[in-house]
Structure formats: structure tokens, C-alpha cells
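Tertiary structure, described
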Amino acid sequence: AADAATPGTYLDRLARGRAREASDPAAAVAEYQTVVTEGTRRPEVYAELVRLVLEQKHRAADGLELVDAAADRYPHNADFHAARAVLLARLHRADEARAAVTRVGSLNPGPGAAFRVGCALAQLPDGTDRAAALGWLRRAYLGGERDVTRYERSQDLAGLRDAAEYQVFRAAVVELNR
């Protein structure tokens, strides 16, 4: 059904992209990219692209170009810089990921960006950023990012889950959500 309709506006293309996400994520990305290349560079279009790219763990290198474009176009959007930090961490570019985290910290990030920063820092090597990652995750939770399953299912947090500090955080979150 989504293929039958010819999208007219950027909102139509966004709807068509969302409809294609589950069955054909690459086609969904193509829809969103079409909106951007046609000149509709609205933040919600970039947000859809960023969200979809972050969900596709194997597309970090491809996604970085899209996220960089979003962050360049909207330099004061903490969500885009936080997504950049996640992708850089996935690509094992630790110094650049830390720089992106610093940028996010200067932008008054909301809970979603704070969660992403926690995810980025949790992936960095040797565990030196573990305390900072937990600090950002606490900030995300206190700011309203209360979906416990998101913390438990995020592959980006896998290396942090065995840490005693994370277990304390998790127990507190579960208790608060009773």
C-alpha cells in the first residue's frame, strides 16, 4: 500500500518511510534521504533518519554522514550530536566520540540525548568512561527516559551491564518503577 501512493509533500514521504521501516529499512532510509535531497531539510526529517540509522547497528559508517549533515545543519540540536557520539563510538573512534559528548554537554541535552551519550561512553574501550556513562544514564532517567527495557535491551550498553555500578543503577530504576 505504501508503494502505491505517490508522495506529494515531505510529510507524505515521512509517512511512507515510516510504513517501510519494518519490512524494508533501506527503502525507508531512501525515502528520508529523498526528502533531504529535495531541499526539505527540516529537523524532524533528520530526526527520522538519525533514529533509523541508530537502530541499524551495522550502518554506523553510512549513518555517520547523515548524522554529520544533521549536526552541521542544526548545530544546537543535542540529539544529533549525541547520535554522532554513538556512531563514532561504534566505529571505535574514541577521541572523536568524546569530543561529540563534550559538545552535547554544552547544549542542555534532553533525556533522549543523555541516554545516547551514556550509550556512546559505555562502548568506549578500557572502561575509563564507565562512571561518566552511568552519570549520563542517571541524568536520562531523571529527565524522563524511564523505559527500563530500553536500558536493558540496548546493545550499546552491553559492556556496562556486568559492572557493579550499573547493577546498582538498574536495581534503583526497577524499584522506582514499581
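Here's a quick rundown of the structure. (Residues numbered from 1 in each chain as written. Predicted model: local features only at pLDDT ≥ 70, side-chain atom pairs only at ≥ 80, totals over all residues. Heavy atoms only, no water.)

1. Section: the overall build of the chain
A count of helical and extended segments in the chain gives ten helices and zero strands. Scanning the chain from its N terminus toward the C terminus, one meets helices and strands in the order α-α-α-α-α-α-α-α-α-α. For 178 residues, the compact-globule formula gives about 16 Å, and the C-alpha radius of gyration of the chain, at 17 Å, lands near that figure. On the principal axes, the C-alpha backbone points of the chain span a range of 55 × 35 × 25 Å. (Helix = DSSP H or I, 4+ residues; strand = E, 2+ residues; numbered from the N terminus. Rg over C-alpha atoms; globule rule 2.2 N^0.38 Å.)

2. What about the environment of Ala85?
Within the secondary structure, Ala85 is located in helix 5 (residues 78-90). Judged by its relative accessible area of 0%, Ala85 falls in the buried class. Between the C-alpha atom of Ala85 and that of Gly144, which follows or precedes it by 59 residues, the distance is 21 Å. Among all residues touching Ala85, those that are not within four sequence positions of it are Ala97, Ala100, Val101 and Ala120. (Buried < 20%, exposed > 50% of the residue type's maximum accessible area, 1.4 Å probe, protein only. Contact = heavy atoms within 4.5 Å.)

3. Points about the side chain of His81
Take His81: it is sitting in helix 5. Beyond its immediate sequence surroundings of up to four residues, His81 is in contact with Ala71, Tyr74, Pro75, Ala100, Arg103, Val104 and Leu107.

4. Brief notes about the environment of Gly110
Of note, Gly110 is situated in the loop between helix 6 (94-105) and helix 7 (111-123). Taking the C-alpha atoms as reference, Gly110 lies 25 Å from Val36; in sequence the two are 74 residues apart.

5. A few points about the packing of helix 2 (residues 25-37) against helix 3 (residues 43-55)
Contact pair helix 2 / helix 3: the axes reach a minimum separation of 9 Å and the direction vectors enclose 155 degrees. Viewed along their axes, helix 2 and helix 3 adopt a mutual orientation that is roughly antiparallel. In this structure, helix 2 crosses over helix 3, and the sense of that crossing is left-handed. Residues Pro25, Ala28, Val29, Tyr32, Gln33, Val35 and Val36 of helix 2 touch helix 3, and the partners they reach there are Val45, Tyr46, Glu48, Leu49, Arg51 and Leu52. For the contact of helix 2 with helix 3, a count of residues per class yields ten nonpolar, one polar and two charged. (Axes fitted to C-alpha atoms, helices over the stretch in contact; angles between N-to-C directions. Parallel < 35°, antiparallel > 145°, perpendicular 65-115°, else oblique. Left-handed = near helix turned anticlockwise from the far one by under 90°. Nonpolar A, V, L, I, M, F, W, Y, C, P; charged D, E, K, R; others polar.)

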